[in-house]
Amino acid sequence: MASLVLDADEAALEADPGRVARRHGLSGADQQSFREQAPAMLTYRELARMSLIEPLETMFPVLKALLEEVGAWAPCVQAFLDARLLRSGHYRDIAPTFLGWLAASSWGQDRWPFLLELAHAEILEVLVARFPDSDPPEGLHAEPGPADLVVLDGATQIVSYSHAVHRVTEAAPIPEARPTHLVAFRNEEGEAQLLELTPATAALLVQARTRPLAEAAASLNLPDLDAILNLLRDLRRDGAIAGFQTPT
Amino acid sequence: MTQDRFTGVGVGLRRPHLEQVAQLQDHGVPFWETCPENVVGDGGRQHRLACAILDRDPVLTHGLTISVGGFDAWDEEYLRDLGEFLVRTGTPWHSEHLCFTSVDANCLHELLPLPFTREAVRHTIARARELQSRLPVPLLLENITYYAELGAPEMDEADFITAVLEGADVGWLLDVNNVYVNALNFGFDPKEWLSGMPLDRVAQLHIAGHKKFGDLTVDTHGAEVIDPVIDLMQWTLARLGRPVPVLLERDNHIPDLDVLLAERARIQHAYDAALVMTGVRHG
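What you see as residue numbers is a count from 1 along each chain, following the sequence as written. A letter from A marks each chain and a number from 1 marks each ligand, given out in the order of writing. Whole-chain, interface and lining totals are the exception, using all residues; otherwise, since this is a predicted model, local features are given only for residues with pLDDT of at least 70 and side-chain atom pairs are given and counted only at 80 or more. Side-chain metrics rest on all non-hydrogen atoms present in the structure, leaving aside hydrogens and water.

1. Focus: the overall build of chain B
Here comes step 1: Starting at the N terminus, helices and strands are each numbered in turn, a helix being any DSSP run of H or I of at least four residues and a strand any DSSP run of E of at least two. The helix and strand inventory of chain B stands at 10 helices and 12 strands.
Here comes step 2: With the radius of gyration taken over C-alpha atoms, the globule rule is written as 2.2 Å times the number of residues to the power 0.38. Relative to the 2.2 N^0.38 estimate, which gives 19 Å for 283 residues, the radius of gyration of chain B is 18 Å and therefore close to what a compact globule would have.
Here comes step 3: Classification of the 283 residues of chain B by burial places 61% in the buried group.
Here comes step 4: The contact definition used throughout considers only heavy atoms, calling two residues in contact when any of these lie within 4.5 Å. Intrachain contacts of chain B at a sequence separation of at least 6 include 81% that bridge at least 24 residues.
Here comes step 5: Accessible surface, chain B as shown: approximately 11100 Å² in total, 50% of it carbon and sulfur.
Here comes step 6: None of His or the chain ends enter the tally, which takes Lys and Arg as positive and Asp and Glu as negative. A charge is said to be at NZ when it belongs to Lys, at CZ for Arg, at CG for Asp and at CD for Glu. In chain B, 23 side chains carry a positive charge and 42 a negative one; their mean positions are 4 Å apart. Relative accessibility under 20% of the residue-type maximum defines a buried residue, over 50% an exposed one, and the middle range a partly exposed one, all with a 1.4 Å probe and only protein chains included. Reported accessibility uses the Shrake-Rupley method at a 1.4 Å probe radius. Residues are deemed covered only where the shown protein chains occlude them.

So, in structure tokens, the structure goes:
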């Protein structure tokens, strides 16, 4: 049944579903049953494939537009289905699984070096919006100090792309080659927000998670610590940062 | 198995309506039905809203992907989370579909029919009993629509469903729209079909819309419920002589909440009328 739904070979099914059943080791009576119900078997194939492909079309509209222009969307989706990675019973996991497959397989990335970044950017806000809720670590404080570490909210993601993939549209799906740094986070209402960061701020947010703020700022040649602390206060107020922790 | 607080016509709780439903204290819906797969492990605003509603209002739970008739191993982590979720919601039972949804660990996200064979009956009974032993509430199985018989059948659908329900000793979530759709596709009388079924096992009904594609009628959950299906619901309620809860399903082309609530009210009216006709008190 997995082959019937996931494999590319629709022509074989249309021509003789009984032969397809035989190929999968089913008995003569079963082969006959498949043969007699050919249109219905094709309907099942179509329904199930629609269930699997629809979330990709919904979640990756720009990627789809880019690939469809050269007839590559359907082969891309088929290559993903061929990988047999749809293990989760959560429908919401189909799109992230596709993203993981793109990363692992490098599909299309010789021709479109920004493909993985583009796909990631398309679902970044959804990944952040639906990240499982969790309590922040205990002992955080609201006011940052030079000796503190930054503790991001569990849903927050800091991403760096080599292309401005967050600016593309279905009409113009090819991104400008420009290093881009973003922080995606949930605000107090639980809604996803996206902010573009300077390279230095992005680096600071990454480094200050494991080394004191003043030390991280110095290593990045950021002399104005007051300005940094103000920015961090804003990010905590907005929800990107869970709080600050003084190392013991 | 029916508990008194679950009567009348409930509605499937869907993401587009969460904001509004969370604000509405007096929505008139006696209970919601939720799919655990859509809530367990999720996060963010929509998740918080869903949890707030499920904590506030009566809830029934209805699973989509456990693959009762399949061969893949149970997802232990999900079963554990599901059990906790069922306890949290206070649902009196949990329903799954009498079908399979995964093959070789691939979840196909489609309700696929089991072969109507003695071997499939034995296998599904064993799986349903095992699943029941892992759940904190009684398990119901729902009859599905099917568009092809997978392999050569040794019995008909009615005998298959009856054998599984009785062999596994579980309750029945009777989807009257699925019976109606199967009757159209396979050419039988739905009332005659139901007359031969173990209606004493029915704990809940489902009702929904469907759509015709060429010669085939498909259970789309994407249209209003048509009068013949409402009539079948009323006929079933009369035969049952009990006010089992009915759940209005809408998963595609989801209308605005007020439109859906108006449809619920229309079906509730039919529900009440059926119970009055048969002298059953409820609510």
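2. Side note on the nonpolar core
Here comes step 1: Residue types Ala, Val, Leu, Ile, Met, Phe, Trp, Tyr and Cys, when buried and joined through side-chain atoms within 4.5 Å, form a set referred to as a nonpolar core. Within the largest apolar cluster, 135 residues are counted, with the highest numbers of intra-cluster contacts made by Leu63 and Phe98 of chain A together with Trp172, Ile207 and Met233 of chain B.
Here comes step 2: Top element by residues in this core is helix α5 (residues 38-59) of chain A. It accounts for 9 residues.
Here comes step 3: Throughout, the edges of the domains are those of an automatic or database domain assignment. Among the domains, domain 1 (1-54) and domain 2 (149-245) of chain A are the pair contributing at least three residues each to this core.
Here comes step 4: Other than its neighbours up to four places away in sequence, Phe98 of chain A contacts Leu56, Phe60, Leu63, Trp73, Cys76 and Phe80 of chain A.
Here comes step 5: Ranked by size, the runner-up nonpolar core spans 19 residues in total, among them Leu197, Leu205, Ala208 and Ala240 of chain A.

3. Some remarks on the domain arrangement of chain A
Here comes step 1: You can read the domains of chain A as domain 1 (1-54) and domain 2 (149-245).
Here comes step 2: Taking only C-alpha atoms into account, the centre of domain 1 of chain A sits 49 Å from that of domain 2 of chain A.

4. Notes on the pattern of salt bridges
All names here are of chain A.
Here comes step 1: The salt bridge definition used is simple: a Lys or Arg side-chain nitrogen within 4 Å of an Asp or Glu carboxyl oxygen. Enumeration over the complete set of coordinates arrives at 29 salt bridges over all chains.
Here comes step 2: The closest approach of N and O atoms between Asp16 and Arg35, which form a salt bridge, is 3.1 Å. Placement of Asp16 in the loop between α2 (10-15) and α3 (17-23) and of Arg35 in helix α4 (residues 28-36) is noted, with a sequence separation of 19 residues between them.
Here comes step 3: A residue is classified by how much of its surface remains accessible, and Asp16, at 22% relative accessible area, is partly exposed.
Here comes step 4: Exposure remark for Arg35: the relative accessible area of 35% places this residue in the partly exposed category.
Here comes step 5: Where Arg233 meets Glu143, a salt bridge forms, and the shortest distance between an N and an O atom there is 2.5 Å.

5. Focus: the pairing of strand β8 (residues 171-175) of chain B
Residues and elements named next belong to chain B.
Here comes step 1: Burial within β8 is extensive, with 5 of its 5 residues counted as buried.
Here comes step 2: Of the two faces of β8, the one carrying Gly171, Leu173 and Asp175 and the one carrying Trp172 and Leu174 are both buried.
Here comes step 3: Since strand β7 (residues 139-142) and β8 lie parallel, the crossover through helix α6 (residues 157-168) that links them has a hand, and here it is right-handed.
Here comes step 4: Here, strands pair whenever DSSP counts at least two bridges between them. As paired elements, β8 and strand β9 (residues 202-207) share 4 bridges and run parallel to each other. A clockwise course of the path from the first strand over the helix to the second, judged with the strands pointing away from the viewer, identifies a crossover as right-handed.

6. A closer look at helix α7 (residues 176-186) of chain B
Residue and element names in this part refer to chain B.
Here comes step 1: Of all 11 residues in α7, 8 are buried; the element is thus mostly enclosed.
Here comes step 2: Residues of α7 that are buried: Val176, Asn177, Asn178, Val179, Tyr180, Val181, Asn182 and Ala183.
Here comes step 3: Where α7 begins, the capping side chain belongs to Asp175, and its oxygen is found 2.9 Å from the backbone nitrogen of Asn177.
Here comes step 4: Downstream of α7 by a residue or two, Gly187 has a phi angle that is positive, lying close to 70°. Between N or O atoms, a polar contact is any pair within 3.5 Å; within protein, one atom must be a potential hydrogen donor and the other a potential acceptor, and residues adjacent in sequence are included only when both atoms are from side chains.

7. Looking at the interface of chain A and chain B
Where interface size is given, it is often the accessible area lost as the parts come together that is meant.
Here comes step 1: Between chain A and chain B, the residue contacts involve 37 residues of the former and 35 residues of the latter.
Here comes step 2: Each of two parts loses accessible area, computed with a 1.4 Å probe, when they are put together; buried area is these two losses added. With both sides pooled, the region where chain A packs onto chain B buries about 2900 Å², and carbon together with sulfur makes up 54% of that total.
Here comes step 3: At the junction of chain A and chain B, the tally comes to 3 salt bridges.
Here comes step 4: The tally of links between chain A and chain B comes to 19 residue pairs in polar contact (both at pLDDT 80 or more).
Here comes step 5: Looking at the side of chain A that touches chain B, the elements with two or more residues in it are α1 (2-6), α4 and α5 of chain A.
Here comes step 6: For the side of chain A that touches chain B, the leading source of residues is α5 of chain A, giving 8 residues.
Here comes step 7: For this classification, Asp, Glu, Lys and Arg are treated as charged, while Ala, Val, Leu, Ile, Met, Phe, Trp, Tyr, Cys and Pro are nonpolar and the rest, including Gly, are polar. When the residues that make up the side of chain A that touches chain B are grouped by side-chain class, the tally is 19 nonpolar, 8 polar and 10 charged.

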